[in-house]
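The primary structure of each chain is shown beneath.
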Amino acid sequence: MSIAATAPAAPSTVQGKPVAQFYSETCSACHGTKREGTVGPALTPAKLTQSDDFYANAIKNGRPGTAMASFPALSDNDIKAIVNFIKYTEPR
């Protein structure tokens, strides 16, 4: 799967919600409200050095041997929005 996320072209919603809201409701328990990391690693642009496809695959399929769950029901556009959010948007 190739999900190249670039700031201008990526969608800004996930399952009809703003991506920041989806992150807050779904990801922040493990990755922190400001993406600083807790149970899971920090998800800030400075920390995310792998390719967009690496993070897209982790979201879609999870990460074996870690607490990262899979989210197979998310569309490619949903995943692209999340990858864009975590890799190219500074936390507030």
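Residues numbered from 1 in each chain as written. Predicted model: local features only at pLDDT ≥ 70, side-chain atom pairs only at ≥ 80, totals over all residues. Heavy atoms only, no water.

Trainee: Quick question: what am I supposed to make of unusual backbone geometry here?
Mentor: Where the residue is not glycine, phi is negative for most of them; where a peptide bond is considered, it is trans in most cases. Located in the positive-phi region is Gln 15, a residue other than glycine, with phi close to 50 degrees. Within the secondary structure, Gln 15 sits in the loop between strand E1 (13-14) and strand E2 (17-18). Of note in this structure, Arg 35 is not a glycine but carries a positive phi near 60 degrees. Here Arg 35 lies in the loop between helix H2 (28-31) and helix H3 (52-61). Residue classification places Arg 35 among the buried residues on the basis of a relative accessible area of 2%. (Helix = DSSP H or I, 4+ residues; strand = E, 2+ residues; numbered from the N terminus. Buried < 20%, exposed > 50% of the residue type's maximum accessible area, 1.4 Å probe, protein only.)

Trainee: I'm lost on the nonpolar core in this one. Help?
Mentor: As a rule of thumb, nonpolar side chains are buried together in soluble globular proteins. Judged by nonpolar contacts, the single largest core of 17 residues is most densely connected at Val 14, Leu 74 and Ile 82. Residue assignment for this core shows that the elements contributing at least two residues are helix H1 (19-26), H3 and helix H4 (76-88). At 6 residues, the largest contribution of residues to this core is made by H4. In contact with Val 14, not counting residues within four places along its chain, are Val 19, Phe 22, Leu 74, Asp 78, Ala 81 and Ile 82. (Core = buried A, V, L, I, M, F, W, Y, C linked by side-chain atoms within 4.5 Å. Contact = heavy atoms within 4.5 Å.)

Trainee: Would you explain the packing of aromatic side chains in this entry?
Mentor: For any two aromatic rings, the description comes down to two numbers: the centre-to-centre distance and the angle of the planes. Applying the stated criterion across every chain, the model contains 2 aromatic pairs. Geometrically, the ring pair formed by Tyr 23 and Phe 85 is tilted, given 5.7 Å between the ring centres and 50 degrees between the ring planes. Here Tyr 23 is found in helix H1, whereas its partner Phe 85 is found in helix H4, with 62 residues between them in sequence. Both residues of the pair, Tyr 23 and Phe 85, count as buried. For the pair Phe 54 and Tyr 55, a centre-to-centre distance of 5.0 Å together with 90 degrees between the ring planes defines the contact as edge-to-face. Relative accessible area serves as the criterion here: at 9%, Tyr 55 is assigned to the buried category. The ring centre of Phe 85 lies 4.7 Å from the NZ or CZ of Arg 35, which sits over that ring. (Phe/Tyr/Trp six-rings, centres within 6.5 Å; stacked < 30°, edge-to-face > 60°. Lys NZ or Arg CZ within 6 Å of the ring centre and 35° of its normal.)

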